[in-house]
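Notes for the structure review
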Amino acid sequence: PRLLVVTWMSVLGSALLQNTAAPLRGCWNARNRRQARHLIRAIASHTQQCHPITYHVEMANNPIQPGHRFPMPKDAMLHARLTELGWASATFTPTYPDADTLCLVHTREYVTSFLDGSISTESMRKIGLPWSQDLVSRTLIGVGSAVLAARLALQYGVAVMCNGGTHHAHPGHGSGWCIFNDQAVAARAAQRDAGVGRVMFVDLDVHAGDGTAAIFAGDPSVFTLSVHCSAQGFPRVAVPSDCDVPLPAGTRDEQYMEALQAVLPRLLDEQQPELVMYNAGVDVHAEDGLGKMSLSTSGILARDRFVLQQCAARNIPVAAAIGGGYEENHAHIVDRHLCLHQAAREALPLFLQGRQAALAARAAARSSGSSSRQRAQ
(Lines give C-alpha, C1' and ligand atoms only; values in the text may rest on other atoms or scores of the structure.)
Protein backbone atom coordinates (compact mmCIF):
# COMPACT_ATOMS: atom_id res chain seq x y z
CA PRO A 1 0.00 0.00 0.00
CA ARG A 2 2.79 2.45 0.77
CA LEU A 3 4.39 1.74 -2.61
CA LEU A 4 1.09 2.49 -4.32
CA VAL A 5 0.76 5.77 -2.42
CA VAL A 6 4.27 6.84 -3.39
CA THR A 7 3.56 5.88 -7.01
CA TRP A 8 0.37 7.92 -7.43
CA MET A 9 1.88 10.87 -5.58
CA SER A 10 4.90 10.72 -7.89
CA VAL A 11 2.68 10.75 -10.94
CA LEU A 12 0.63 13.60 -9.51
CA GLY A 13 3.75 15.57 -8.63
CA SER A 14 5.06 15.31 -12.18
CA ALA A 15 1.69 16.37 -13.60
CA LEU A 16 1.33 19.32 -11.26
CA LEU A 17 4.88 20.41 -12.01
CA GLN A 18 3.91 20.81 -15.66
CA ASN A 19 0.71 22.68 -14.76
CA THR A 20 1.99 24.96 -12.01
CA ALA A 21 1.16 28.33 -13.52
CA ALA A 22 -2.20 27.66 -15.14
CA PRO A 23 -4.66 28.55 -12.36
CA LEU A 24 -2.26 30.91 -10.61
CA ARG A 25 -1.95 33.76 -13.08
CA GLY A 26 -2.30 37.20 -11.54
CA CYS A 27 -0.66 36.42 -8.17
CA TRP A 28 2.29 34.25 -9.13
CA ASN A 29 5.73 35.73 -8.44
CA ALA A 30 9.16 34.14 -8.57
CA ARG A 31 9.16 33.29 -4.86
CA ASN A 32 5.80 31.52 -5.05
CA ARG A 33 6.86 29.68 -8.21
CA ARG A 34 9.94 28.35 -6.39
CA GLN A 35 7.79 27.35 -3.42
CA ALA A 36 5.34 25.55 -5.71
CA ARG A 37 8.09 23.55 -7.37
CA HIS A 38 9.58 22.68 -3.99
CA LEU A 39 6.19 21.52 -2.69
CA ILE A 40 5.42 19.49 -5.81
CA ARG A 41 8.77 17.73 -5.73
CA ALA A 42 8.31 17.01 -2.02
CA ILE A 43 4.87 15.55 -2.71
CA ALA A 44 6.22 13.47 -5.56
CA SER A 45 9.06 12.08 -3.41
CA HIS A 46 6.72 11.59 -0.43
CA THR A 47 9.09 13.59 1.78
CA GLN A 48 6.58 16.26 2.72
CA GLN A 49 2.88 16.40 3.38
CA CYS A 50 2.30 19.98 4.45
CA HIS A 51 -0.77 21.76 3.13
CA PRO A 52 -0.40 25.08 1.28
CA ILE A 53 -0.58 28.09 3.63
CA THR A 54 -0.79 31.79 2.78
CA TYR A 55 1.00 34.29 5.01
CA HIS A 56 2.97 37.53 4.73
CA VAL A 57 5.28 39.08 7.32
CA GLU A 58 3.17 42.26 7.12
CA MET A 59 0.54 40.34 9.07
CA ALA A 60 2.76 40.88 12.09
CA ASN A 61 1.96 44.61 11.85
CA ASN A 62 -0.74 45.74 14.25
CA PRO A 63 -2.04 49.20 13.28
CA ILE A 64 -4.67 49.33 16.03
CA GLN A 65 -4.20 50.35 19.62
CA PRO A 66 -3.21 47.74 22.24
CA GLY A 67 -6.18 46.31 24.08
CA HIS A 68 -8.56 46.63 21.12
CA ARG A 69 -11.07 43.80 21.11
CA PHE A 70 -10.23 42.80 17.53
CA PRO A 71 -7.34 40.28 17.95
CA MET A 72 -5.23 41.26 14.94
CA PRO A 73 -1.97 39.84 16.42
CA LYS A 74 -3.37 36.30 16.25
CA ASP A 75 -2.51 35.95 12.53
CA ALA A 76 1.25 36.24 13.05
CA MET A 77 1.02 34.17 16.23
CA LEU A 78 -0.73 31.41 14.29
CA HIS A 79 1.96 31.25 11.62
CA ALA A 80 4.66 31.22 14.31
CA ARG A 81 2.90 28.28 15.97
CA LEU A 82 2.58 26.45 12.66
CA THR A 83 6.31 26.98 12.14
CA GLU A 84 7.08 25.56 15.58
CA LEU A 85 5.01 22.47 14.75
CA GLY A 86 6.78 22.01 11.42
CA TRP A 87 3.54 22.60 9.51
CA ALA A 88 4.51 25.82 7.71
CA SER A 89 7.05 24.60 5.16
CA ALA A 90 4.52 25.10 2.34
CA THR A 91 3.94 28.79 3.05
CA PHE A 92 3.17 30.99 0.04
CA THR A 93 3.50 34.78 0.08
CA PRO A 94 0.56 36.92 -1.10
CA THR A 95 0.79 40.25 -2.89
CA TYR A 96 -1.51 43.28 -2.85
CA PRO A 97 -4.57 43.04 -5.11
CA ASP A 98 -5.07 45.97 -7.48
CA ALA A 99 -8.06 48.29 -7.28
CA ASP A 100 -9.79 46.65 -10.25
CA THR A 101 -9.73 43.32 -8.44
CA LEU A 102 -11.22 44.88 -5.30
CA CYS A 103 -13.90 46.46 -7.50
CA LEU A 104 -15.05 43.04 -8.65
CA VAL A 105 -16.92 43.06 -5.34
CA HIS A 106 -16.88 46.62 -3.97
CA THR A 107 -17.93 49.94 -5.42
CA ARG A 108 -15.22 52.09 -6.96
CA GLU A 109 -16.12 54.98 -4.67
CA TYR A 110 -15.74 52.91 -1.52
CA VAL A 111 -12.47 51.31 -2.62
CA THR A 112 -10.92 54.65 -3.60
CA SER A 113 -12.03 56.43 -0.44
CA PHE A 114 -10.50 53.81 1.83
CA LEU A 115 -7.26 53.54 -0.11
CA ASP A 116 -6.62 57.30 -0.28
CA GLY A 117 -7.90 58.11 3.21
CA SER A 118 -10.85 60.24 2.12
CA ILE A 119 -13.30 57.82 3.70
CA SER A 120 -15.58 59.50 6.23
CA THR A 121 -15.16 59.26 9.98
CA GLU A 122 -18.67 57.82 10.18
CA SER A 123 -17.77 55.05 7.72
CA MET A 124 -14.70 54.11 9.75
CA ARG A 125 -16.76 54.23 12.92
CA LYS A 126 -19.08 51.65 11.39
CA ILE A 127 -16.07 49.48 10.59
CA GLY A 128 -14.82 49.90 14.14
CA LEU A 129 -11.17 50.61 13.32
CA PRO A 130 -9.21 53.88 12.96
CA TRP A 131 -7.98 54.65 9.42
CA SER A 132 -4.23 54.72 8.84
CA GLN A 133 -1.90 53.95 5.97
CA ASP A 134 -0.70 50.94 7.95
CA LEU A 135 -4.28 49.69 8.13
CA VAL A 136 -4.56 50.05 4.35
CA SER A 137 -1.44 47.92 3.86
CA ARG A 138 -2.61 45.33 6.37
CA THR A 139 -6.03 45.14 4.72
CA LEU A 140 -4.63 44.76 1.21
CA ILE A 141 -2.25 41.95 2.12
CA GLY A 142 -5.12 40.20 3.88
CA VAL A 143 -7.22 40.25 0.72
CA GLY A 144 -4.21 39.14 -1.31
CA SER A 145 -3.90 36.18 1.01
CA ALA A 146 -7.44 35.09 0.13
CA VAL A 147 -6.86 35.55 -3.61
CA LEU A 148 -3.72 33.42 -3.44
CA ALA A 149 -5.40 30.76 -1.28
CA ALA A 150 -8.15 30.32 -3.87
CA ARG A 151 -5.61 29.84 -6.64
CA LEU A 152 -3.57 27.39 -4.58
CA ALA A 153 -6.72 25.43 -3.77
CA LEU A 154 -7.40 25.06 -7.49
CA GLN A 155 -3.87 23.68 -7.89
CA TYR A 156 -3.52 21.42 -4.85
CA GLY A 157 -7.10 20.86 -3.72
CA VAL A 158 -6.85 22.76 -0.44
CA ALA A 159 -5.16 25.90 0.89
CA VAL A 160 -5.53 27.64 4.24
CA MET A 161 -4.98 31.27 5.15
CA CYS A 162 -3.44 32.46 8.43
CA ASN A 163 -5.98 35.27 8.45
CA GLY A 164 -9.26 36.27 6.93
CA GLY A 165 -12.96 35.68 6.87
CA THR A 166 -14.02 39.35 6.63
CA HIS A 167 -17.61 38.46 5.80
CA HIS A 168 -19.28 41.60 7.18
CA ALA A 169 -17.89 43.85 4.43
CA HIS A 170 -20.63 44.92 1.96
CA PRO A 171 -20.25 46.24 -1.59
CA GLY A 172 -20.27 49.90 -0.56
CA HIS A 173 -19.22 49.88 3.09
CA GLY A 174 -17.35 47.98 5.75
CA SER A 175 -18.73 46.74 9.04
CA GLY A 176 -17.80 44.76 12.13
CA TRP A 177 -14.00 45.12 11.72
CA CYS A 178 -14.28 44.01 8.09
CA ILE A 179 -13.15 46.47 5.40
CA PHE A 180 -12.97 44.48 2.16
CA ASN A 181 -14.64 41.07 1.87
CA ASP A 182 -11.51 39.00 1.28
CA GLN A 183 -13.07 35.68 0.28
CA ALA A 184 -15.67 37.38 -1.92
CA VAL A 185 -12.90 39.19 -3.80
CA ALA A 186 -10.98 35.91 -4.08
CA ALA A 187 -14.01 34.10 -5.50
CA ARG A 188 -14.62 36.79 -8.13
CA ALA A 189 -10.91 36.84 -9.03
CA ALA A 190 -10.94 33.06 -9.47
CA GLN A 191 -13.93 33.38 -11.77
CA ARG A 192 -12.24 36.13 -13.77
CA ASP A 193 -8.70 34.77 -13.94
CA ALA A 194 -8.93 30.99 -13.54
CA GLY A 195 -12.15 30.18 -15.38
CA VAL A 196 -14.00 29.03 -12.27
CA GLY A 197 -17.74 28.75 -12.79
CA ARG A 198 -19.82 28.02 -9.69
CA VAL A 199 -18.54 28.94 -6.22
CA MET A 200 -20.05 27.96 -2.88
CA PHE A 201 -19.44 29.79 0.41
CA VAL A 202 -19.54 27.65 3.54
CA ASP A 203 -19.60 30.18 6.38
CA LEU A 204 -19.46 28.57 9.82
CA ASP A 205 -18.52 31.65 11.82
CA VAL A 206 -20.78 32.28 14.82
CA HIS A 207 -22.04 35.46 13.13
CA ALA A 208 -24.11 35.41 9.95
CA GLY A 209 -22.23 36.25 6.76
CA ASP A 210 -24.30 39.33 5.93
CA GLY A 211 -21.76 41.07 3.71
CA THR A 212 -21.14 37.98 1.60
CA ALA A 213 -24.89 37.41 1.25
CA ALA A 214 -25.41 41.01 0.11
CA ILE A 215 -22.59 40.85 -2.43
CA PHE A 216 -23.85 37.71 -4.15
CA ALA A 217 -27.61 38.16 -3.75
CA GLY A 218 -29.32 37.02 -6.93
CA ASP A 219 -26.10 35.72 -8.51
CA PRO A 220 -26.69 32.18 -9.82
CA SER A 221 -22.93 31.52 -10.08
CA VAL A 222 -22.42 31.78 -6.30
CA PHE A 223 -24.25 29.93 -3.52
CA THR A 224 -23.98 31.12 0.09
CA LEU A 225 -24.47 28.89 3.14
CA SER A 226 -24.33 30.42 6.61
CA VAL A 227 -24.56 28.33 9.79
CA HIS A 228 -24.58 30.75 12.70
CA CYS A 229 -25.98 31.54 16.12
CA SER A 230 -29.45 33.09 16.03
CA ALA A 231 -28.88 34.86 19.35
CA GLN A 232 -25.93 37.05 18.28
CA GLY A 233 -26.59 40.77 18.45
CA PHE A 234 -24.55 41.34 15.29
CA PRO A 235 -25.14 41.87 12.42
CA ARG A 236 -28.04 44.06 13.47
CA VAL A 237 -29.75 43.91 10.07
CA ALA A 238 -30.11 40.40 8.69
CA VAL A 239 -29.26 39.76 5.05
CA PRO A 240 -30.49 36.33 3.93
CA SER A 241 -28.01 33.88 2.46
CA ASP A 242 -29.11 31.31 -0.11
CA CYS A 243 -29.29 28.90 2.82
CA ASP A 244 -29.31 30.04 6.46
CA VAL A 245 -29.07 27.59 9.36
CA PRO A 246 -29.60 29.59 12.57
CA LEU A 247 -28.78 27.63 15.72
CA PRO A 248 -29.67 28.58 19.29
CA ALA A 249 -27.32 29.96 21.92
CA GLY A 250 -25.58 27.21 23.85
CA THR A 251 -25.45 24.81 20.89
CA ARG A 252 -22.96 22.05 21.69
CA ASP A 253 -20.84 19.72 19.59
CA GLU A 254 -23.43 17.01 18.92
CA GLN A 255 -26.25 19.41 18.03
CA TYR A 256 -23.96 21.42 15.78
CA MET A 257 -22.66 18.40 13.87
CA GLU A 258 -26.17 17.04 13.41
CA ALA A 259 -27.22 20.32 11.78
CA LEU A 260 -24.10 20.49 9.60
CA GLN A 261 -24.35 16.86 8.50
CA ALA A 262 -27.97 17.41 7.53
CA VAL A 263 -27.24 20.31 5.19
CA LEU A 264 -23.68 20.33 3.84
CA PRO A 265 -23.49 17.02 1.90
CA ARG A 266 -26.87 17.68 0.30
CA LEU A 267 -25.92 21.18 -0.81
CA LEU A 268 -22.56 20.09 -2.18
CA ASP A 269 -24.34 17.47 -4.29
CA GLU A 270 -27.04 19.89 -5.44
CA GLN A 271 -24.80 22.87 -6.20
CA GLN A 272 -21.74 20.99 -7.51
CA PRO A 273 -19.41 23.95 -6.98
CA GLU A 274 -16.02 24.18 -8.66
CA LEU A 275 -14.58 25.96 -5.62
CA VAL A 276 -15.60 26.22 -1.95
CA MET A 277 -14.70 29.25 0.13
CA TYR A 278 -14.72 28.09 3.76
CA ASN A 279 -14.92 30.49 6.72
CA ALA A 280 -13.88 28.39 9.73
CA GLY A 281 -14.60 30.84 12.53
CA VAL A 282 -13.71 29.58 16.00
CA ASP A 283 -15.97 32.08 17.76
CA VAL A 284 -18.36 29.12 18.10
CA HIS A 285 -16.17 27.98 21.02
CA ALA A 286 -17.74 27.81 24.47
CA GLU A 287 -15.09 30.17 25.90
CA ASP A 288 -15.17 32.74 23.10
CA GLY A 289 -15.56 36.33 24.25
CA LEU A 290 -18.28 37.24 21.75
CA GLY A 291 -19.86 34.02 20.50
CA LYS A 292 -22.82 32.46 22.23
CA MET A 293 -22.38 28.86 21.11
CA SER A 294 -20.75 26.18 23.23
CA LEU A 295 -18.53 24.04 21.01
CA SER A 296 -15.39 22.45 22.41
CA THR A 297 -12.00 22.52 20.70
CA SER A 298 -12.46 18.88 19.72
CA GLY A 299 -15.88 19.80 18.34
CA ILE A 300 -14.31 22.50 16.15
CA LEU A 301 -11.74 19.99 14.89
CA ALA A 302 -14.52 17.52 14.06
CA ARG A 303 -16.38 20.27 12.19
CA ASP A 304 -13.33 21.26 10.14
CA ARG A 305 -12.49 17.65 9.35
CA PHE A 306 -16.06 17.04 8.19
CA VAL A 307 -16.15 20.05 5.86
CA LEU A 308 -12.81 19.26 4.25
CA GLN A 309 -13.46 15.54 3.94
CA GLN A 310 -16.86 16.12 2.35
CA CYS A 311 -15.33 18.45 -0.23
CA ALA A 312 -12.32 16.23 -0.86
CA ALA A 313 -14.54 13.20 -1.43
CA ARG A 314 -16.28 15.18 -4.21
CA ASN A 315 -13.04 16.61 -5.66
CA ILE A 316 -14.08 20.17 -4.79
CA PRO A 317 -11.15 22.50 -4.03
CA VAL A 318 -11.36 24.43 -0.74
CA ALA A 319 -9.81 27.79 0.14
CA ALA A 320 -10.20 28.33 3.87
CA ALA A 321 -10.03 31.41 6.09
CA ILE A 322 -9.57 31.14 9.84
CA GLY A 323 -12.54 33.42 10.62
CA GLY A 324 -13.44 34.95 13.93
CA GLY A 325 -12.22 34.15 17.42
CA TYR A 326 -12.17 36.53 20.38
CA GLU A 327 -10.49 36.26 23.76
CA GLU A 328 -8.02 38.35 25.73
CA ASN A 329 -5.52 35.50 25.67
CA HIS A 330 -4.71 35.30 21.96
CA ALA A 331 -2.79 32.06 22.44
CA HIS A 332 -6.06 30.31 23.23
CA ILE A 333 -7.56 31.57 19.96
CA VAL A 334 -4.51 30.34 18.07
CA ASP A 335 -4.93 26.86 19.56
CA ARG A 336 -8.47 26.76 18.16
CA HIS A 337 -7.38 27.99 14.73
CA LEU A 338 -4.86 25.16 14.60
CA CYS A 339 -7.82 22.79 14.19
CA LEU A 340 -8.39 24.02 10.63
CA HIS A 341 -4.74 23.56 9.70
CA GLN A 342 -4.66 20.11 11.29
CA ALA A 343 -7.76 19.09 9.35
CA ALA A 344 -6.26 20.40 6.09
CA ARG A 345 -3.01 18.57 6.73
CA GLU A 346 -4.91 15.32 7.30
CA ALA A 347 -7.15 15.76 4.26
CA LEU A 348 -4.36 16.70 1.83
CA PRO A 349 -3.82 13.13 0.47
CA LEU A 350 -7.51 12.82 -0.39
CA PHE A 351 -7.49 16.21 -2.11
CA LEU A 352 -4.38 15.24 -4.07
CA GLN A 353 -6.05 12.06 -5.26
CA GLY A 354 -8.87 14.21 -6.57
CA ARG A 355 -6.48 16.53 -8.36
CA GLN A 356 -4.77 13.49 -9.89
CA ALA A 357 -8.09 12.27 -11.24
CA ALA A 358 -8.89 15.72 -12.64
CA LEU A 359 -5.50 15.96 -14.36
CA ALA A 360 -5.89 12.46 -15.80
CA ALA A 361 -9.35 13.33 -17.14
CA ARG A 362 -8.01 16.53 -18.67
CA ALA A 363 -5.14 14.65 -20.33
CA ALA A 364 -7.55 12.02 -21.66
CA ALA A 365 -9.78 14.74 -23.10
CA ARG A 366 -6.83 16.38 -24.82
CA SER A 367 -5.68 13.03 -26.21
CA SER A 368 -9.16 12.22 -27.46
CA GLY A 369 -9.47 15.61 -29.12
CA SER A 370 -6.09 15.23 -30.79
CA SER A 371 -7.03 11.77 -32.10
CA SER A 372 -10.31 13.08 -33.48
CA ARG A 373 -8.52 15.88 -35.34
CA GLN A 374 -6.00 13.44 -36.80
CA ARG A 375 -8.79 11.17 -38.07
CA ALA A 376 -10.57 14.15 -39.58
CA GLN A 377 -7.43 15.07 -41.47
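Note: the structure precedes this text.
Predicted, not measured: the structure shown is a model, and the values here were computed from it.

Right, let's talk about the overall build of the protein chain for a bit. Secondary structure summary: the protein chain contains 12 helices and 8 strands in total. Expressed as a percentage of contacts within the protein chain between residues at least 6 apart in sequence, the contacts between residues at least 24 apart total 76%. For the protein chain, the exposed area adds up to about 15,100 Å²; of that, 53% sits on carbon and sulfur atoms.

Interhelical geometry of helix α7 (residues 133–156) versus helix α8 (residues 182–193) gives an angle of 45° and a closest axis separation of 8 Å. The angle between the axes of α7 and α8 places the two elements in the oblique class. The element α7 and its partner α8 pack so that their crossing is right-handed. Note on element contacts: α8 touches α7 through Asp182, Gln183, Val185, Ala186, Ala189, Ala190 and Asp193, opposite Gly142, Val143, Ala146, Val147, Ala150 and Arg151. Its residues assigned to classes, the contact of α7 with α8 shows 8 nonpolar, 2 polar and 3 charged.

This part is about the environment of Tyr256. Here Tyr256 shows up in helix α10 (residues 253–271). With 39 residues separating them along the chain, Tyr256 and Leu295 place their C-alpha atoms 8.0 Å apart. Setting aside anything within four residues of it in sequence, one finds Tyr256 in contact with Leu204, Val227, Leu247, Thr251, Met293, Leu295 and Arg303.

The subject of this paragraph is the pattern of salt bridges. This structure, assessed with the given rule, holds 13 salt bridges. Here Asp193 ties to Arg192 by a salt bridge, and the two come within 2.8 Å at their closest N and O atoms. Close ionic contact of Glu327 with Arg336 constitutes a salt bridge, the shortest N to O distance being 2.9 Å. Shared partners join several salt bridges into a network, and the residues in it are Arg151, Arg192 and Asp193.

We now examine the pairing of strand β8 (residues 318–321). On β8, burial covers both faces: Val318 and Ala320 on one face and Ala319 and Ala321 on the other are all buried. Here strand β3 (residues 158–161) pairs with β8 via 3 bridges, running parallel. Note on β8: the bridge partner recorded for Val158 is Val318. Two elements, strand β7 (residues 275–279) and β8, share 4 bridges in a ladder whose sense is parallel. Residue Val276 lies in a different strand from β8, and its bridge partner there is Val318. In this region the chain leaves β7, passes through helix α11 (residues 297–313) and returns to the parallel neighbour β8; the handedness of that crossover is right-handed.

What follows deals with the packing of aromatic side chains. Considering all chains together, one arrives at 6 aromatic pairs under this definition. Geometrically, the ring pair formed by Phe70 and Trp177 is tilted, given 5.4 Å between the ring centres and 45° between the ring planes. Of this pair, Phe70 sits in the loop between β1 (53–54) and α3 (74–85) while Trp177 sits in the loop between β3 and α8, and the two are 107 residues apart along the sequence. Geometrically, the ring pair formed by Tyr110 and Phe180 is edge-to-face, given 5.7 Å between the ring centres and 75° between the ring planes. With a gap of 70 residues between them, Tyr110 in helix α5 (residues 108–116) and Phe180 in the loop between β3 and α8 connect regions that are remote in the sequence. For the pair Tyr110 and Phe180, a shared accessibility class is recorded, and that class is buried. Linked through ring pairs, Phe70, Trp177 and Tyr326 together constitute an aromatic cluster. Taking the ring centre of Tyr326 as reference, the NZ or CZ of Lys74 above it sits at 6.0 Å.

Take the sheet that holds strand β6 (residues 243–247) next. The strand order across the open sheet formed by 8 strands is β2-β1-β3-β8-β7-β4-β5-β6, and the pairing between neighbours is parallel. Of all the strands in the sheet, the pair left with one neighbour each is β2 (91–92) and β6. Note that β1 and β2 share 2 bridges and pair parallel. Looking across to β2, one finds that Ile53 is bridged to Thr91. Of the strands in this sheet, β1, β2, β3, β7 and β8 are in contact with α7, which crosses β3 at around 165°.

Conventions we followed
Residues numbered from 1 in each chain as written. Predicted model: local features only at pLDDT ≥ 70, side-chain atom pairs only at ≥ 80, totals over all residues. Heavy atoms only, no water. Helix = DSSP H or I, 4+ residues; strand = E, 2+ residues; numbered from the N terminus. Contact = heavy atoms within 4.5 Å. Areas by Shrake-Rupley, 256 points an atom, 1.4 Å probe, with all protein chains shown as cover. Axes fitted to C-alpha atoms, helices over the stretch in contact; angles between N-to-C directions. Parallel < 35°, antiparallel > 145°, perpendicular 65-115°, else oblique. Left-handed = near helix turned anticlockwise from the far one by under 90°. Nonpolar A, V, L, I, M, F, W, Y, C, P; charged D, E, K, R; others polar. Salt bridge = Lys/Arg side-chain N within 4 Å of Asp/Glu carboxyl O. Buried < 20%, exposed > 50% of the residue type's maximum accessible area, 1.4 Å probe, protein only. Pairing = 2+ DSSP bridges. Right-handed = clockwise from strand over helix to strand, strands pointing away. Phe/Tyr/Trp six-rings, centres within 6.5 Å; stacked < 30°, edge-to-face > 60°. Lys NZ or Arg CZ within 6 Å of the ring centre and 35° of its normal.

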